[in-house]
Each structure stands twice: as structure tokens, then as C-alpha cells.
Amino acid sequence: MKIITHSDINAVKRAAKAARKTGSSLSYMQWLDHFARQNHQVSGFHELQKICDNGLLMSDDIQELSGGIVHCRFCGCNFVAQLDCDRAEHKKRHRQCEQFLSAMGYLPQQHDRRETTKRQGYMLMSSADTEQQRTGALAVLAGHFDRSLSAAIDGDYWRGHPDFDEYIAMALPNAGFTPAHIKSRLAAEFGEYPSFFNDSYWKPGRGKVARSAPPKDRNGTRKKLFMTLDLSQ
Ligand SMILES: [Zn+2]
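Residues numbered from 1 in each chain as written. Predicted model: local features only at pLDDT ≥ 70, side-chain atom pairs only at ≥ 80, totals over all residues.

Observations regarding the overall build of the protein
The criterion, for reference: Put simply, DSSP H or I for four residues or longer makes a helix, DSSP E for two residues or longer makes a strand, and each gets a number counted from the N terminus. Just to be clear, the radius of gyration here is over C-alpha atoms, and the globule rule we use is 2.2 Å times residues to the power 0.38.
Across its full length, the protein carries nine helices and three strands. Taken from N to C terminus, the helices and strands of the protein fall in the order α-α-α-β-β-β-α-α-α-α-α-α. In terms of C-alpha radius of gyration, the protein reaches 22 Å, well past the compact-globule figure of 17 Å for 233 residues. With respect to the three principal axes, the spread of C-alpha positions in the protein is 70 × 50 × 30 Å.

So this is what it looks like as C-alpha cells:
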């Protein structure tokens, strides 16, 4: 079965909006139908939306668990496919993940994977090698960062979420799990925001303040970290 994503729907909406602005006599709805037919060979926009919704259940990402529960590997949702409210919840989360992925180019790790990353981090922190200790501390922070980001995707406030480098600076003052010498090394590297949060979740309204180190490449640190972790497994 053909899979239509939320981005496909948005592209049709954008095209219809642009076409409507040209002063044509067709309505927005008629343009939606036009571009749905032209770009996806369906009867109209309604059918396109229906295929998109069904696709969320038909996709290869859906894995059956027991008791009628299914798991979506893409967005990490567990839900009962027979229940309308569960399907609606999944759809919302899935869409938000699609939007995040298309804007940021990656998705935060899901719960199990985050736990593995944190375990790996604690193991590396117990090493005698300071380089490994640094990687370990970053891995634990990455687990917390991805959890905070995942909550931000659910709450639809991820657009304001700090990137990993900024998050490190915010989390460091309360990162009691990090050995003092590694903490000061990371503070010198990433800067430090004083008393930003103590529960490791970033929330809207916790604005940004000047910090002691210049901003870095937005996702470079996180990407590099996961490459190092993969190699050390
Ligand atoms: Zn999903």
C-alpha cells in the first residue's frame, strides 16, 4: 500500500495556497483536490488524508506486541490499534516526530536505547582514562537530553528546546553524577548556565542567558558522541 506522509500533505497544502493566491477562480478546497490528484493519483484531498492515516498503521514501523497492543518503531508509541483515542494519540505523536525529523535531521533516542546509552555512560565514567570519563559523562547527559527532547516533542514545544551543547551548559551545575574534574573540564568546554533546572527536563519559559563559552555547531557534539559510543560497544 502506498504511504503518504504528513510532509506530502503539507506540500499539497502549500501548493494549493500558492495557486489560490494567483487569483484563480478555484477555491482552496478545489486546489487541494487538484494537487492531490496531480501529485498522488488519488480521487481527491480527502482520500489523500485517509491514505496518510491508514499508512500510520500499515507502515513497516508498526510491530505487533501482545494483547492487541502495537509499537511504532518510528515514534516509540505503544498503543491499542483498535481504540480510536489510542490511534489519535499515536497519530499526534507520529506527526510531531515527522515534523521534528524534517526540521532537525534526527530523532531523539527512544526509552530503551536511552537507558543503554546512560548505562554505557556510567560504565565509561568508572574508567581510569579521563577521555573515557568525559565521553561517559556526555553519554549520560545525552540520555537526559534525549528524554527532555522527547517530552518536548510530545508537548509540541521542541522548537524552543536548547541544542545539546546548550543543554550541557544548563545541566552541568546539577550534574552530580559527574566527577568534579570532568565537570570543570566540560564547563570550560561548553560553558555553564547557573541553576537552570534540577530535574533534567527543559521547559518553555526557561529562557536562555549569556554563558561563558561560544555556541558550537548545533548537533555536532551529539552526533560525534554517538559515533564514539557505537565504536566503543
Ligand atoms: Zn508512530
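Once the structure has been displayed, the description carries forward.
Examining the sheet that holds strand E3 (residues 78-80)
What counts is decided by this rule: Pairing between two strands is assigned when DSSP locates at least 2 bridges connecting them. Note on method: axes are straight lines fitted to C-alpha atoms, helices fitted across the in-contact stretch only, with angles between N-to-C directions ranging 0 to 180 degrees.
If you trace the three strands from one edge of the open sheet to the other, you get E1-E2-E3, paired in antiparallel fashion. Here the strands that pair on one side only, and so sit at the sheet edges, are strand E1 (62-64) and E3. Adjacent strand axes in the sheet meet at a mean angle of 35 degrees, parallel and antiparallel pairs treated alike. In this structure, E1 lies alongside strand E2 (residues 69-72), joined through three bridges in antiparallel fashion. Note that in E2 the partner of Gln-63 across the bridge is His-71.

Quick notes on the domain arrangement of the protein
Interfaces are often described in size by the accessible area the parts lose on coming together. Filter applied, for reference: A domain assignment, automatic or from a database, supplies the domain bounds used here. For every residue pair, C-beta atoms are placed from the backbone, and the pair is scored as a contact if these atoms sit within 7 Å. In this classification, the charged set is Asp, Glu, Lys and Arg, the nonpolar set is Ala, Val, Leu, Ile, Met, Phe, Trp, Tyr, Cys and Pro, and all remaining amino acids, among them Gly, are polar.
Assigned domains within the protein: domain 1 (1-58), domain 2 (60-107) and domain 3 (111-232). On the side of domain 2, eight residues touch domain 1, which itself brings six residues to the contact. Looking at the side of domain 1 that touches domain 2, the elements with two or more residues in it are helix H1 (6-21) and helix H3 (45-58). Residues that form the side of domain 1 that touches domain 2 fall into these classes: two nonpolar, three polar and one charged.

Here's the deal with the pairing of E2
The loop that links E1 with its antiparallel partner E2 comprises four residues; one of these, Gly-67, has a positive phi angle of about 65 degrees. Counting the residues between successive antiparallel strands, the hairpin from E2 to E3 contains five residues, one of them, Gly-76, with a positive phi of roughly 85 degrees.

A short note on the packing of helix H6 (residues 130-154) against helix H8 (residues 180-190)
The packing of two helices is summarised by the inter-axis angle and the distance between the axes. Filter applied, for reference: Throughout this description, any angle smaller than 35 degrees is read as roughly parallel, any larger than 145 degrees as roughly antiparallel, any in the 65 to 115 degree range as roughly perpendicular, and the remainder as oblique.
Interaxial distance between H6 and H8 falls to 10 Å at its minimum, and their mutual angle equals 75 degrees. Judged on the interaxial angle alone, H8 and H6 are roughly perpendicular. Facing Gln-133, Arg-134 and Ala-137 of H6, the residues of H8 in contact are Ile-182, Arg-185 and Leu-186. Class assignment of the residues belonging to the contact of H6 with H8 gives a composition of three nonpolar, one polar and two charged.

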